[in-house]
Number of protein chains: 2
Amino acid sequence: MALIVQKFGGTSVADAQKIKRAAQRVAQAYKEGNQVVVVVSAMGRTTDELFDLAHQITERPPAREMDMLASTGEQISIALMAMAIHALGYEAISFTGGQVGIITDSRHTKARILKIDTKRILQELDSGRIVVVAGYQGVDAYNNITTLGRGGSDATAVALAAKLKADMCDIFTDVNGIYTADPRIVPEASKLEKISYDELLELASLGAQVMQARSIEFAKKYNVPLRVRPSYNESLGTLVCQEAKEMEDIVVSGAAVTKDEAKLTIRGVPDRPGVAARLFGEIARHNINVDIIIQNIGSHGMTDVTFTVPKDDLPEAVDVAKRMKEELKAQEVSADSHIAKLSVVGIGMRSHCGVAEKMFSALAQEGINIQMISTSEIKISCVIDEAQAERALKAVHKAFELHKVGERTGVRG
Amino acid sequence: MALIVQKFGGTSVADAQKIKRAAQRVAQAYKEGNQVVVVVSAMGRTTDELFDLAHQITERPPAREMDMLASTGEQISIALMAMAIHALGYEAISFTGGQVGIITDSRHTKARILKIDTKRILQELDSGRIVVVAGYQGVDAYNNITTLGRGGSDATAVALAAKLKADMCDIFTDVNGIYTADPRIVPEASKLEKISYDELLELASLGAQVMQARSIEFAKKYNVPLRVRPSYNESLGTLVCQEAKEMEDIVVSGAAVTKDEAKLTIRGVPDRPGVAARLFGEIARHNINVDIIIQNIGSHGMTDVTFTVPKDDLPEAVDVAKRMKEELKAQEVSADSHIAKLSVVGIGMRSHCGVAEKMFSALAQEGINIQMISTSEIKISCVIDEAQAERALKAVHKAFELHKVGERTGVRG
């Protein structure tokens, strides 16, 4: 008998009809002889509606009370899901995060799971029940309700799967699986049958928006097999797992483009030790995440430093950079928020050469200028003009023949 | 420093604007130097909407899951109320029933409070915070969420007030206080400044619909002073308290009419010992509450038995009566659901004569036939034709000059 965790996102439980359909999938897994733990998000736009209500009351609601409010969204879903399973003739019991022993730290609205006491869940599973757990929430050591922030329901599902040593964690969502590129931009993108945690991590942080990085990291750490599946058909979606030998045959698994960064350049920085440490130390003190950093080889004792930051943090980063310009006696600060970051990802890169060259050629043929380059073991990223983002993604997708990746593995969306 | 419990019903927190207004009343009480515990119901129609959702899923939702669902309504209210108080510059902290140690039995959707652990509330009050508690809910011994059924938020407020030995329990509602009769039927009804628990109990169970009987009983038992007040103006409403000497001067404090009962007659019942016990024992076994019972003096060894039951239970009561007719060899069963019960209430009745006569005369003058009569120490009830209910209430209200009761005490709605 296998133990399966099934997570249904907000769009998969958006109304009574969809909840009933999701309940049928749960019942199906149970009928097939599995123990089933279901994790549910809030219905569709419920969380947004609750936030709207809060902002009708006050501009700055206390975080603790926001969590008290927001957590009701998932509580509604679990009750309805348990009812729907019950209506199909199976015993189901719902639990809030607190009831099921999901203990977090006290950082309201973005808490982290510290531990899970699975006693009650195991007890209910052993008595033949399907257990329905509210995603996105827990309680702190003082029994205050906390929420886990963006992607919190995935975090709940993966953490429960890890703790329960589940055989599979199904993440039901409104996409068919993980694609070689965003199908809204690249219609010929193909669905991957399998992808490694590391590749998905790079894609997630690159804006593929399938799952939040923290849940994938957690799944990787505890080796929880994930399946990103559509809730609206029987497709098995994409399996996310440890790297396997055959995966290396695929040099590049996917490409993604993100527009949420901005570029900052400080020209004429004195080229001496400690300057970079001083500059980026100051940026870090303002809690601004720097992604790519480029420093050219200097001449005449001067150099230029260019780096990217989240678009939202640009005004603050510019302030810091201007102060640093004075302090370091640099020449000029300039900023550009009209950039995009294009990346290709694949564990096969490690054992294959020429990936960077192929990417750069594809962009050159399209007349797209590369402003910055950054690479990791399994990823190459280029910063380009924002206006060329979609065209660049299509060109790269075509150059690596990514439309064949899904075909080759015999599964297509 | 006094401790005040303030309860706001659903209409008093129906939207963001009303929640803000309620928060101002809370802040006012706090500013005046009181410790304040606020109990809140779900916003306006929230509970109905949640029930609608449940019934879109299944006709027969399990009671445990209904409680899981319904309890979110109050949880939303407490979070918003705490935010609203916070926005006024005061520290507030919200708690679900479970968090604040309201332990109930496990009878889902109609649980009873078993005990309250006030440690956390007292701790927060002592640190200067306003404590906001979700009405209508608790947890059972296994930490399952339970709800208290109709009037549950009043029950929470009164139970907390009793346990905390509060100096006052304010029940904020959408009426100006307690009236000598329903002002929608009798426009000249006047508001009472004071009423005893016992009188309100009779009025509540008679359909005055201000508060549920269980909360009044509880307040009486623990001598919790209640104030039924409007949330929309500064009126002090009506004080509900122990009987005081001067209350006896008012012979009749109020009149009420209810249409939720039906009448059942079994004719030609053998007039011998044990027959009534057999009949009403059988009715009780079907969990049907019998209110008034009339048995005429028999003749020729036969008698007629008439009794009233809740309208909803009439079909089942008729079934039972027909089976009993066969068993007891009685002659005929007839039912009438078009009846109303008119009652006058007042502790002054105990020391004044002629109340029944005045009531009967008033009805006679209006040509209204009395079908059944029932009396208690402080109440006289008459069953009449449903169509004459409003006219009868007006006549009785006038006969006892109830429009002067409020005037006499110097307070008028």
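About the criteria used
Throughout this description, residue numbers start from 1 for each chain and increase along the sequence as written. Numbering of ligands from 1 and lettering of chains from A proceed in the order in which they are written. The predicted origin of the model limits local features to residues at a pLDDT of at least 70 and limits the giving and counting of side-chain atom pairs to 80 or more, whereas totals for whole chains, interfaces and linings rest on all residues. In this description a helix means any DSSP run of H or I spanning at least four residues, a strand means any run of E spanning at least two, and both kinds are numbered starting from the N terminus. A radius of gyration in this sense is built from C-alpha atoms; the matching globule rule multiplies 2.2 Å by the number of residues raised to 0.38. Neighbour counting defines burial: a residue surrounded by 20 or more other C-beta atoms within 10 Å of its own C-beta is buried, one with 12 or fewer is exposed, and intermediate counts give partly exposed, using backbone-placed C-beta atoms. Placing a C-beta atom from the backbone of each residue, one calls two residues in contact when those atoms lie within 7 Å. Strands qualify as paired when DSSP identifies two bridges or more between them. Note on method: axes are straight lines fitted to C-alpha atoms, helices fitted across the in-contact stretch only, with angles between N-to-C directions ranging 0 to 180 degrees. Those domain boundaries reflect an automatic or database domain assignment. Angle categories: roughly parallel below 35 degrees, roughly antiparallel above 145, roughly perpendicular from 65 to 115, and oblique for all the rest. Crossing handedness follows the turn of the near helix against the far one: under a right angle anticlockwise gives a left-handed crossing, and clockwise gives a right-handed one.

So, on to the overall build of chain A. In terms of regular secondary structure, chain A is built from 12 helices and 20 strands. A compact globule built from 413 residues should have a C-alpha radius of gyration of about 22 Å, and chain A, at 24 Å, falls within 12% of that. Expressed along its principal axes, the backbone C-alpha trace of chain A runs to roughly 80 × 50 × 35 Å. In chain A, which comprises 413 residues, the proportion classed as buried is 49%. Restricting the contact set of chain A to residue pairs at least 6 apart, pairs at least 24 apart contribute 75%.

With that settled, consider the sheet that holds strand 20 (residues 379–385) of chain A. Residue and element names in this part refer to chain A. If you trace the four strands from one edge of the open sheet to the other, you get 13-18-20-19, paired in antiparallel fashion. With one partner strand each, in any of the chains shown, strand 13 (254–258) and strand 19 (372–376) form the two edges of the open sheet. Direction aside, neighbouring strands of the sheet carry axes that sit 15 degrees apart on average. With respect to the sheet, helix 10 (residues 355–365) is in contact with strand 18 (339–345), strand 19 and strand 20, its orientation differing from that of strand 20 by roughly 20 degrees.

Moving on, we come to the domain arrangement of chain A. Looking at the assigned domains, one finds that chain A contains domain 1 (3–174) and domain 2 (245–413). Taking the mean C-alpha position of each, domain 1 of chain A and domain 2 of chain A sit 37 Å from one another.

A word on the packing of helix 2 (residues 46–57) of chain B against helix 3 (residues 63–87) of chain B. All names here are of chain B. Interhelical geometry of helix 2 versus helix 3 gives an angle of 150 degrees and a closest axis separation of 9 Å. When the axis of helix 2 is compared with that of helix 3, the two are roughly antiparallel. Both helix 2 and helix 3 take part in a crossing whose hand is right-handed. Together, Thr46, Thr47, Leu50 and Ala54 of helix 2 and Met66, Leu69, Ala70, Thr72, Gly73 and Ile76 of helix 3 make up the contact between the two elements.

Here we take up helix 7 (residues 213–221) of chain B. Residues and elements named next belong to chain B. Taken as a whole, helix 7 has its buried residues at Arg214, Ser215, Ile216, Phe218, Ala219 and Lys220. Buried residues in helix 7 make contact with helix 5 (152–163), helix 6 (197–208), strand 11 (226–230) and strand 12 (238–241). Note on helix 7: the residue one or two positions beyond its end, Asn223, has a positive phi of about 55 degrees.

Right, let's get into the interface of chain B and chain A. Residue-level contacts link 27 residues of chain B with 27 residues of chain A. For the side of chain B that touches chain A, the elements supplying multiple residues, two or more each, are helix 1 (16–31), helix 2 and helix 3 of chain B. The leading source of residues in the side of chain B that touches chain A is helix 3 of chain B, at 14 residues.

Bridge count for strand 19 of chain A against strand 20 of chain A is five bridges, and the pairing is antiparallel. Across the sheet, Ser376 of chain A pairs through a bridge with Lys379 of chain A, a residue of strand 20 of chain A.

Looking now at unusual backbone geometry. Residues and elements named next belong to chain B. Positive phi, normally seen in glycine, also occurs at Tyr136, with a value near 75 degrees. Positionally, Tyr136 belongs in the loop between strand 6 (130–134) and strand 7 (137–139). Located in the positive-phi region is Asn223, a residue other than glycine, with phi close to 55 degrees. If you trace the backbone, Asn223 turns up in the loop between helix 7 and strand 11. For Asn223, a count of 11 C-beta atoms within 10 Å gives the class exposed.

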